[in-house]
Amino acid sequence: MALQAYSLARDGEAYLSPHFRVQEFRCKDGSDPVFVDTALVELLEQLRAHFGKAVTITSGYRTPAHNAKAGGTRFSQHLYGRAADIRVQGASVEEVAACAERLLHGCGGVGRYPAKAGRAAGWVHVDTRAEKARWRG
Ligand SMILES: [Zn+2]
């Protein structure tokens, strides 16, 4: 894996891979630069290929300030450009998480956040940390 820094202003429209642009990983506070791990982009492309449907990133890179505001954990993988919270069109949280687990080969992070009261739509957190982490939120 390799962490890359991109200028949102200059490279926001640029494609990192066939289906993902720099701006999709931007921190929601609009800060520049945007940090993205190349292995994360590869993982998202593999998920997209498996389902043959659009993968929407609801949260990618986060600055420490935004992470705190978003209620993220102190050492969240989002801070390192290694994490994405995603939804796949037409696929359930379980289906997306199971596919991510296969693709990560016993490493990386997979968090399941199913829909529940007060959360209309679920999502799956994926990250490319070296060790294995699995949880349900
Ligand atoms: Zn996340």
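Residues numbered from 1 in each chain as written. Predicted model: local features only at pLDDT ≥ 70, side-chain atom pairs only at ≥ 80, totals over all residues. Heavy atoms only, no water.

- Looking at an unreviewed UniProt entry, the protein carries the name Murein endopeptidase K, with the source organism given as Faecalibacterium prausnitzii.
- The Cofactor (unreviewed entry) comment attached to the protein in UniProt states, word for word, "Zn(2+)".
- Word for word, the UniProt comment on the protein under Pathway (unreviewed entry) is "Cell wall biogenesis; cell wall polysaccharide biosynthesis." (UniProt positions renumbered as here; feature names shortened; annotations may be inferred.)

## Digging into the packing of aromatic side chains
Consideration 1: Enumeration according to the criterion identifies three aromatic pairs in this entry.
Consideration 2: On the numbers, 5.3 Å between centres and 65 degrees between planes, the contact of Phe 35 with Tyr 61 is edge-to-face. Taken together, the residues Phe 35 in strand 2 (residues 34–37) and Tyr 61 in the loop between strand 3 (55–59) and helix 3 (64–69) connect sequence positions 26 residues apart.
Consideration 3: A relative accessible area of 27% places Phe 35 in the partly exposed class.
Consideration 4: Among the residues examined, Tyr 61 registers a relative accessible area of 8% and is labelled buried. (Phe/Tyr/Trp six-rings, centres within 6.5 Å; stacked < 30°, edge-to-face > 60°. Helix = DSSP H or I, 4+ residues; strand = E, 2+ residues; numbered from the N terminus. Buried < 20%, exposed > 50% of the residue type's maximum accessible area, 1.4 Å probe, protein only.)

## With respect to helix 2 (residues 38–51)
Consideration 1: Over its 14 residues, helix 2 runs 20 Å from end to end, which matches the ideal 20 Å to within 8%, given 1.5 Å per residue.
Consideration 2: Every buried residue of helix 2 is accounted for by Leu 40, Val 41, Leu 43, Leu 44, Glu 45 and Leu 47. (Expected span 1.5 Å × (residues − 1).)

## Focus: the coordination of the zinc ion
Consideration 1: Coordination sphere of the zinc ion, protein contribution only: His 78 (NE2), Asp 85 (OD) and His 125 (ND1), at 2.0 Å.
Consideration 2: Judged by relative accessible area, His 125 falls into the buried class, the value being 6%. (Donors = N, O, S within 2.8 Å, 3.2 Å for Na, K, Ca; no water.)

## A closer look at the nonpolar core
A general tendency of soluble globular proteins is for nonpolar side chains to be buried together.
Consideration 1: Counting 29 residues, the largest nonpolar core has Phe 25, Leu 44, Ile 86, Val 124 and Val 126 as the members making the most contacts within it.
Consideration 2: Only strand 2, helix 2, strand 3, strand 4 (83–88), helix 4 (93–104) and strand 6 (123–127) provide two or more residues apiece to this core.
Consideration 3: At six residues, helix 4 tops the list of elements feeding residues into this core. (Core = buried A, V, L, I, M, F, W, Y, C linked by side-chain atoms within 4.5 Å.)

## Some words on the sheet that holds strand 3
Hydrogen bonds between backbone groups are what pair the strands of a sheet, and the pairing can be parallel or antiparallel.
Consideration 1: A sheet is described by the order of its strands in space; here five strands give the open sequence 3-4-6-5-7, paired in mixed fashion. The strands lining the two open edges of the sheet, one partner per strand, are strand 3 and strand 7 (132–136). Taking each pair of neighbouring strands and ignoring which way they run, the sheet shows an average axis angle of 25 degrees.
Consideration 2: With four bridges joining them, strand 3 and strand 4 adopt antiparallel strand pairing. If you follow Ile 57 over to strand 4, its bridge partner there is Ile 86. (Pairing = 2+ DSSP bridges. Axes fitted to C-alpha atoms, helices over the stretch in contact; angles between N-to-C directions.)

## Here's the deal with the UniProt feature "domain: Peptidase M15A C-terminal" (unreviewed entry) in the protein
Consideration 1: As annotated in UniProt, the feature "domain: Peptidase M15A C-terminal" (unreviewed entry) corresponds to residues 19–127 in the numbering used here.
Consideration 2: Between the end C-alpha atoms of residues 19–127 there is a gap of 18 Å, over a span that is 29% helix and 24% strand.

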